[in-house]
Protein chains: 2
Amino acid sequence: MRATVPITVNGLKSACSQCNLVELCLPFGMPDSELSRLDELVGARRKVKRQQNLYRAGDPFEAIYAIRAGSFKTDVLLEDGREQVTGFQMTGEILGLDGISTEAHSCNAVALEDSEVCVIAYDKLEQLSHQIEGLQLQFHKVMSREIVRDHGVMMLLGSMRAEERLAAFLLNMSQRFNARGFSSQEFNLRMTREEIGSYLGLKLETVSRAFSRFQEDGLISVQQKHVQLLDPAGLKRLIQHQQGVR
Amino acid sequence: MRATVPITVNGLKSACSQCNLVELCLPFGMPDSELSRLDELVGARRKVKRQQNLYRAGDPFEAIYAIRAGSFKTDVLLEDGREQVTGFQMTGEILGLDGISTEAHSCNAVALEDSEVCVIAYDKLEQLSHQIEGLQLQFHKVMSREIVRDHGVMMLLGSMRAEERLAAFLLNMSQRFNARGFSSQEFNLRMTREEIGSYLGLKLETVSRAFSRFQEDGLISVQQKHVQLLDPAGLKRLIQHQQGVR
DNA sequence: TTTTTTGGTTGACGTGGGTCAACGAGCTTG
DNA sequence: CAAGCTCGTTGACCCACGTCAACCAAAAAA
């Protein structure tokens, strides 16, 4: 991932106060004075190789994780083997919040590429948010954002047709790459068609066809995982003016 | 709602320490010593008539709500009018967590029947969870549970067929009625077929047909909103052994 | 380099669930 | 107790997406 280079170069210390991801991550919006106190929060860092699990459903919950470099997917498995990808996470985003409720993780987190996370011991986080003014609020916002995001996915899955789902997905990725200082027009997806399909409630063939359709219509240009959004406004229109209904 | 009678009779004080819903609600698991301090948290109570909004998407976020009596749905609307029901909430459950992230609500909460909620001012909650040991953890668990629940819905929507979705829905309702001291075998749904459909990503006709199918197969007995689960194990089997695949 | 594997594309065909429409059963309102 | 709702059921038809299969490109292994 070309994106990780500047981060790993700058960020050899694991201190939040030194990290260039602050404004995407848990400490967002906290004053510098409080920020330095967060440094004690991030115990260790942990590298996770592509395809490896950061945690699995059922693992005891001890920590949440902030992605320093790389990206992940989270998924839930049914007894009969069906998989539902519940999200894709990028740098600065927090993984593991699902574990708090039952003190065990309820989904799997798998690295989509070689990645690195900051390990945030949960008991320490609890303690520190008692003490630090802004941290508690910030943490609540992170959890709340996750809930809102999930509602958006439910909207996708429950009431959009295939091409609308993919358009929404691409616009979302675009916006998130952009927030990380990358082009919003052009990026490399880290996940396979099958993973996109699982996330969007579609089969990989349907995803592939929708990609091709968008390309024919001049909305995007795709080659494998490389995507260019040629007409983002067109994609947005596709979502809003529902054509066929569902 | 017959269910509400014992609650309204006992609970004329709004104090958490007097409320028989504690073990379903925010204070779950907190020692009595701390529980009494929560009483200051619940400022007012608010009645919401059937079909009325508790809050709307875009409303400034000031409080979260604990359902004292009745039930609600939450939904998200798309510009073109499509609606996605994101959840159904029963007594003891918490509404409004979506508002924390942006300080504005991101969905609508509508009463399915005449209902009553405890208004929990959010700033007070923040303060108090700084002070009270167990409250912070408990609140985090409530939020985390919401995230896990949403992942379950994504599983439903993304990888189950119509009858599996309805079976999962019915079993979930059954379990929640049971947790509230009602029969798990027999209950009255509070929502219409259309609302169930929106929640499950199906059209009302499909929901209706699935109900009829279950009745033909002797799994349930339905008449309008009244449902009896004749063979809960059969419903469970339906979900696990995926027959047609998707 | 060739070989193998994995991921992606495309076509032909089938079907689950959406669409449209008619009708009936409860509620509500006058 | 009609009259007018809203909500639920059922049938006939259809289409978006799933299924199955062949094939190709890229990446990894050898």
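Just so we're clear, the structure is a prediction, and the values are computed from it rather than from any experiment.

Cut-offs applied
Residues numbered from 1 in each chain as written. Chains lettered and ligands numbered in written order. Predicted model: local features only at pLDDT ≥ 70, side-chain atom pairs only at ≥ 80, totals over all residues. Heavy atoms only, no water. Contact = heavy atoms within 4.5 Å. Buried area = accessible area lost by both parts, 1.4 Å probe. Salt bridge = Lys/Arg side-chain N within 4 Å of Asp/Glu carboxyl O. Core = buried A, V, L, I, M, F, W, Y, C linked by side-chain atoms within 4.5 Å. Buried < 20%, exposed > 50% of the residue type's maximum accessible area, 1.4 Å probe, protein only. Near = heavy atom within 4 Å. Polar contact = N/O pair within 3.5 Å; in protein donor to acceptor, adjacent residues only side chain to side chain. Helix = DSSP H or I, 4+ residues; strand = E, 2+ residues; numbered from the N terminus. Nonpolar A, V, L, I, M, F, W, Y, C, P; charged D, E, K, R; others polar.

Draft legend 1. The arrangement of the interface of chain B and chain A in detail. Chain B puts 50 residues into the contact, and the matching count from chain A is 50 residues. Summed over both partners, the interface of chain B with chain A comes to about 4700 Å²; 57% of that surface belongs to carbon and sulfur atoms. When the buried surface of chain B facing chain A is broken down by residue, B:Arg82, B:His130 and B:Met154 rank first, second and third, together holding 15% of it. At the junction of chain B with chain A, the criterion picks out four salt bridges. Residue B:Lys141 is joined to A:Glu103 by a salt bridge in which the shortest nitrogen-to-oxygen separation is 2.6 Å.

Draft legend 2. Structural context of the nonpolar core. A:Leu166, A:Phe169, A:Phe211, B:Leu166, B:Phe169 and B:Phe211 are the most contacted members of the largest nonpolar core, which has 104 residues in total. When residues no more than four places from it in sequence are discounted, the contact partners of B:Phe169 are B:Phe88, B:Leu189, B:Met191, B:Ile196, B:Tyr199 and B:Leu200. Formed by 52 residues, the second largest nonpolar core is a distinct cluster that contains A:Leu41, A:Val42, A:Ile132 and B:Ile94.

Draft legend 3. The protein's contact with DNA strand C, seen in detail. Within the structure, DNA strand C sits among 20 residues, and A:Ser208, A:Ser212, B:Ala162, B:Thr206 and B:Arg209 are positioned closest to it. By atom count, sugar and phosphate contribute 67% of the portion of DNA strand C lying within 4 Å of the protein. With respect to DNA strand C, the side chain of A:Arg209 contributes an N or O atom lying 2.8 Å from a base nitrogen. At the level of elements, helix 7 (204–216) of chain A together with helix 7 (204–216) of chain B are the ones that each hand at least two residues to the surface near DNA strand C. Ranked by residue count, the leading element in the surface near DNA strand C is helix 7 of chain A, at five residues. By residue class, the composition of the surface near DNA strand C is four nonpolar, seven polar and nine charged.

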